[in-house]
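Each chain, written out:
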Amino acid sequence: MYTETGTINKEQLITEHTPLVKRIAYHMMAKLPASVQVDDLIQAGMIGLLDAIGRYEGSYGRQFESYAAQRIRGSILDELREADWLPRSLRKKMRQIEAAMRTLEQRLGHPPSEQELSQELNMTLGDYQEALQEARGGQLIYYEDFQEEDEDHFLDRLCGTQDNQPFDQLLEKNLREMLVDAIDKLPPREKLVMGMHYEEEMNLREIGEVLGVSESRVCQLHTQAIARLRTRLRSK
């Protein structure tokens, strides 16, 4: 990874990790509206890769790849957040859905079903599911939502010593515990979708084949699960 003069060979690092950028971009694209262009995600991801190369202080290898992956995802999320890629009407609808989830869970004492949510929102079940389909990716969770304003950027805290384990450090104890608890309380099918997508890295089509439902139905379940997680995490 170094030139003959002992400096970092940035071109080699970029070449070797460009496939990582593309893999992350396409994986994130599966959860985003059709209006988002994958080339834009790749471009933002490359900026994150360059940032990772410039900031990283440990030894290059698997540890760097873990750190770079987080920088790449963060750069793509920043681009999405700044681009305002979801229509205001859909953002409003997702806020209404999350508010209904919070209200019903407090009232009923359990995660509300789709039928209960559609009734609370005065929508037909079909209209409710269509809203979930249209708003896929409109309820991304940002780590920054759960850190103090005067804290350093959480990725910057991963640099410094070769003893750091970037992935373990990223999942800081409080957020990890909150996420585990929130995921554990998801309805069984939504919990299964999240596990297959994020732990086994299956795409929506593959998950649909396992569950025996369409890809669009998996998209609806995923959107609803993320909305439940946002509702729970923001209520902590």
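Above this text sits the structure in question.
Just so you know, these numbers come straight off a predicted model, no measurement behind them. (Residues numbered from 1 in each chain as written. Predicted model: local features only at pLDDT ≥ 70, side-chain atom pairs only at ≥ 80, totals over all residues. Heavy atoms only, no water.)

Enquirer: What exactly am I supposed to notice about the packing of helix α10 (residues 204-211) against helix α11 (residues 215-234) here?
Expert: When two helices pack together, you describe them by how their axes are tilted relative to each other and by the distance separating the axes. Contact geometry of α10 with α11 gives a least axis separation of 8 Å together with a crossing angle of 100°. The pairing of α10 with α11 is recorded here as roughly perpendicular in orientation. The residues of α11 that touch α10, namely those facing Leu 204, Arg 205, Ile 207 and Gly 208, are Glu 215, Val 218 and Cys 219. When grouped by side-chain class, the residues that make up the contact of α10 with α11 number four nonpolar, one polar and two charged. (Axes fitted to C-alpha atoms, helices over the stretch in contact; angles between N-to-C directions. Helix = DSSP H or I, 4+ residues; strand = E, 2+ residues; numbered from the N terminus. Parallel < 35°, antiparallel > 145°, perpendicular 65-115°, else oblique. Contact = heavy atoms within 4.5 Å. Nonpolar A, V, L, I, M, F, W, Y, C, P; charged D, E, K, R; others polar.)

Enquirer: Is there a simple way to explain the pattern of salt bridges in this structure?
Expert: Pairing is possible between side chains of opposite charge, provided their charged atoms come close. Applying the stated rule across the entire model yields ten salt bridges. When the shortest N-O distance is used, the salt bridge between Glu 105 and Arg 232 registers 2.1 Å. Of the two residues, Glu 105 sits in helix α4 (residues 88-108) while Arg 232 sits in helix α11, which places them 127 residues apart along the sequence. Since its relative accessible area comes to 16%, Arg 232 is described here as buried. One salt bridge in this structure joins Arg 228 and Glu 190, with 2.8 Å as the shortest N-O distance. Of this pair, Arg 228 sits in helix α11 while Glu 190 sits in helix α9 (residues 188-199), placing them 38 residues apart in sequence. (Salt bridge = Lys/Arg side-chain N within 4 Å of Asp/Glu carboxyl O. Buried < 20%, exposed > 50% of the residue type's maximum accessible area, 1.4 Å probe, protein only.)

Enquirer: It is not clear to me how helix α1 (residues 10-29) should be interpreted in this structure. Could you clarify?
Expert: Structural remark: α-helix, 3.6 residues per turn; residues separated by three or four positions point the same way. Counted at 1.5 Å a residue, the expected span for α1 with its 20 residues is 28 Å, and the 27 Å between its end C-alpha atoms agrees. At His 17, α1 shows its maximal bend, which comes to roughly 40°, and the proline Pro 19 appears one to four places after that position. Among the residues of α1, those classed as buried are Leu 13, His 17, Thr 18, Leu 20, Val 21, Ile 24, Ala 25, Met 28 and Met 29. (Expected span 1.5 Å × (residues − 1). Bend = angle between axes of the 7 residues up to and from the residue.)

Enquirer: Honestly, the side chain of Glu 114 in this entry has me stumped. Any pointers?
Expert: Relative to the assigned elements, Glu 114 resides in helix α5 (residues 114-120). Look at Glu 114 and you get buried, because its relative accessible area is 11%. Contact partners of Glu 114, with chain neighbours within four places excluded, come to Leu 125, Tyr 128, Gln 129, Leu 132, Arg 217 and Gln 224.

Enquirer: Explain the environment of Gln 37 to me, please; I cannot follow it from the model alone.
Expert: Mapping Gln 37 onto the fold places it in the loop between α1 and α2 (38-55). Taking the C-alpha atoms as reference points, Gln 37 and Ala 25, twelve residues apart in sequence, are found 9.9 Å from one another.

Enquirer: Honestly, helix α6 (residues 125-134) in this entry has me stumped. Any pointers?
Expert: Among the residues making up α6, those that are buried are Tyr 128, Gln 129, Ala 131 and Leu 132. Down the axis of α6, the smallest arc covering the buried residues is 155°, so these residues share one side. (Arc of directions from axis to C-beta.)

Enquirer: Mind showing me how you'd approach the environment of Glu 116 here?
Expert: In this fold, Glu 116 is placed in helix α5. Judged by its relative accessible area of 26%, Glu 116 falls in the partly exposed class. Separated by 15 residues in sequence, Glu 116 and Met 101 place their C-alpha atoms 9.3 Å apart. For Glu 116, the contacting residues outside a window of four places in its chain are Leu 104, Leu 108, His 110 and Pro 111.

Enquirer: When you look at the packing of aromatic side chains in this model, what are you seeing that I'm missing?
Expert: The description of an aromatic ring pair rests on the distance of the ring centres and on the angle between the ring planes. Counted under the stated rule, the structure contains two aromatic pairs. Pairing Tyr 56 with Phe 64 gives two aromatic rings, centres 5.3 Å apart and planes at 65°, and the pair type is edge-to-face. In terms of burial, Tyr 56 and Phe 64 fall into one category: buried. With 5.4 Å between their ring centres and 35° between their planes, Tyr 56 and Tyr 67 make a pair best called tilted. A residue pair is termed long-range when its members are at least 10 positions apart, and Tyr 56 in the loop between α2 and α3 (62-83) and Tyr 67 in helix α3 qualify at eleven residues. We classify Tyr 67 as buried; its relative accessible area is 0%. (Phe/Tyr/Trp six-rings, centres within 6.5 Å; stacked < 30°, edge-to-face > 60°.)

Enquirer: What should I look at first to understand the nonpolar core in this one?
Expert: Here is a general trend for soluble globular proteins: nonpolar side chains tend to be buried in one another's company. If you look at the biggest cluster of nonpolar residues, it comprises 25 residues, and the most contacted ones within it are Ile 24, Leu 41, Leu 49, Phe 64, Ile 72 and Ile 76. Element by element, the count of residues in this core is highest for α3, at eight residues. Ignoring anything within four residues of it in the chain, the contact list for Ile 76 reads Ile 24, Ala 25, Met 28, Leu 41, Ala 44 and Gly 45. Counting twelve residues, the second-largest nonpolar core is a separate cluster that includes Ile 97, Ala 100, Leu 117 and Leu 132. (Core = buried A, V, L, I, M, F, W, Y, C linked by side-chain atoms within 4.5 Å.)

Just geometry here; none of it tells us what the structure is for.
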